[in-house]
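Notes for the structure review
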Amino acid sequence: IIEKTIMDDHLDSFPTWEEALEVLKAILHIHKAIGLDVTKISTNSKEVYERLPKEATQSKNMIDFEKYHTPDIEYAPGTEPKIPTMRTLGQYWDMVHDLFSYRQYDPDDHIKWTKVLCLSQAHKIFDPLGYAIPVLLESKLILRQIFINHPGWKADQINDEELQRWQKWLVNLPQFPQLKFPRVLMPGLPKTFKSVTYHVFADASKEAFCAVAYVRV
């Protein structure tokens with residue numbers, strides 16, 4: 001609870017459903033003892049949600065997840081059930097395929113871009129794990145140049161060269177849902193791993209620096 005709770009959200013992951021269920025029951029018991037009810041529970045484990053205690057309140061995402069896997073629900077011909085997606089701390093999670101993704105962003109085509117509006121647009125994309133940095137880096141570089149050229153916070157429109165570069169970057173925003181990343185970095189049971197090694201690479205240029213780490217199992 002101390003390590004996995006942020007504000008009023010508890011996020012955790014386990015290699016087996018047995019461990020997940022055991023911890024969940026313990027969390028429910030501990031919180032109940034101090035007068036707190038754990039609600040809106042979500043899990044993508046069929047074994048866990050089939051064994052949830054009666055007092056466990058499921059989230060709408062969880063209910064949609066169960067319906068998605070219910071074979072006797074009839075849909076209109078050609079209709080596909082909507083994939084349940086959970087949003088926690090700004091990160092979107094495809095519960096069916098166990099992938100992290102992003103929502104679609106559609107900037108206003110008719111807006112008169114100023115440096116403040118550019119800054120606001122760039123920061124609407126929440127990327128706590130840094131998966132979208134190759135796309136977001138360009139927006140940061142553009143903003144840096146805009147603020148160098150136009151110091152202060154006056155809502156001046158950006159110049160034609162800056163606007164052209166900014167609009168070229170904006171075409172990426174509607175494509176953000178196509179970015180998908182596996183939630184589980186090390187699949188399987190740790191006890192079956194023969195070895196685990198970390199490989200870290202870093203590089204820098206005049207514009208930016210980067211680092212990336214790989215886990216090899």
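Just above, that's the structure.
In what follows, the accompanying structure is described. (Residues numbered from 1 in each chain as written. Predicted model: local features only at pLDDT ≥ 70, side-chain atom pairs only at ≥ 80, totals over all residues. Heavy atoms only, no water.)

With that out of the way, let us pick up a negative patch on the surface. A contiguous patch of negative charge, built from E18, E19, E22 and E47, is present on the exposed surface. Examining the composition of the negative patch, we find that three residues originate from one element, helix α1 (residues 17-33), more than from any other. Positionally, E18 belongs in helix α1. (Patch = residues over 30% accessible without salt bridge, like charges linked within 9 Å, V, L, I, M, F, W, Y side chains within 5 Å. Areas by Shrake-Rupley, 256 points an atom, 1.4 Å probe, with all protein chains shown as cover. Salt bridge = Lys/Arg side-chain N within 4 Å of Asp/Glu carboxyl O. Lys, Arg positive; Asp, Glu negative; His and termini not counted. Charge placed at Lys NZ, Arg CZ, Asp CG, Glu CD. Helix = DSSP H or I, 4+ residues; strand = E, 2+ residues; numbered from the N terminus.)

This paragraph deals with the nonpolar core. One finds C118, I125, W166, W169, L173 and F176 to be the most contacted residues of the largest nonpolar core, which totals 17 residues. Counting only elements with at least two residues in this core, the list comes to α4 (115-122), α5 (133-149) and α6 (160-170). Top element by residues in this core is α5. It accounts for four residues. Residues contacting I125, with those up to four places away along its chain left out, are Y105, L136, W169, L173 and F176. If you look at the next biggest cluster of nonpolar residues, it comprises 15 residues, including L21, I41, M62 and M95. (Core = buried A, V, L, I, M, F, W, Y, C linked by side-chain atoms within 4.5 Å. Buried < 20%, exposed > 50% of the residue type's maximum accessible area, 1.4 Å probe, protein only. Contact = heavy atoms within 4.5 Å.)

Another point: the pairing of strand β4 (residues 91-94). Of the two faces of β4, the one carrying Q91 and W93 and the one carrying Y92 and D94 are both buried. Across four bridges, the pairing between strand β3 (residues 85-88) and β4 is antiparallel. When the sheet's bridge partners are listed, M86 is paired in β4 with W93. The antiparallel pairing of β3 with β4 creates a hairpin that spans two residues between the two strands, and L89 there sits at a positive phi of about 55°. Taken together, the three bridges between β4 and strand β5 (residues 99-101) define a ladder with antiparallel strand orientation. Within β5, the residue paired with W93 across the bridge is F100. Here β4 hands over to β5 after four residues, with D98 in that stretch at a positive phi of 55°. (Pairing = 2+ DSSP bridges.)

Turning our attention to the side chain of D127. With respect to the helices and strands, the residue D127 is situated in the loop between α4 and α5. Despite its burial, D127 remains without a salt bridge, the nearest opposite charge being carried by K140 at 7.9 Å. For D127, the contacting residues outside a window of four places in its chain are Y102, A132, I133 and L136.

Attention shifts here to the packing of aromatic side chains. Evaluation of the coordinates by the stated rule reveals seven aromatic pairs. Judged by centre distance (5.6 Å) and plane angle (75°), the rings of Y102 and F176 are edge-to-face. Taken as a pair, Y102 in the loop between β5 and α4 and F176 in the loop between α6 and β6 (181-182) lie far apart in primary sequence, 74 residues in all. Of note, K115 hangs over the ring of F147, and the distance from its end group to the ring centre comes to 5.5 Å. (Phe/Tyr/Trp six-rings, centres within 6.5 Å; stacked < 30°, edge-to-face > 60°. Lys NZ or Arg CZ within 6 Å of the ring centre and 35° of its normal.)

Even without a glycine there, the phi angle at M7 is positive, about 55°. A positive phi angle is found at K40, which is not glycine, with a value near 55°. Note on placement: K40 falls in the loop between α1 and α2 (46-50).

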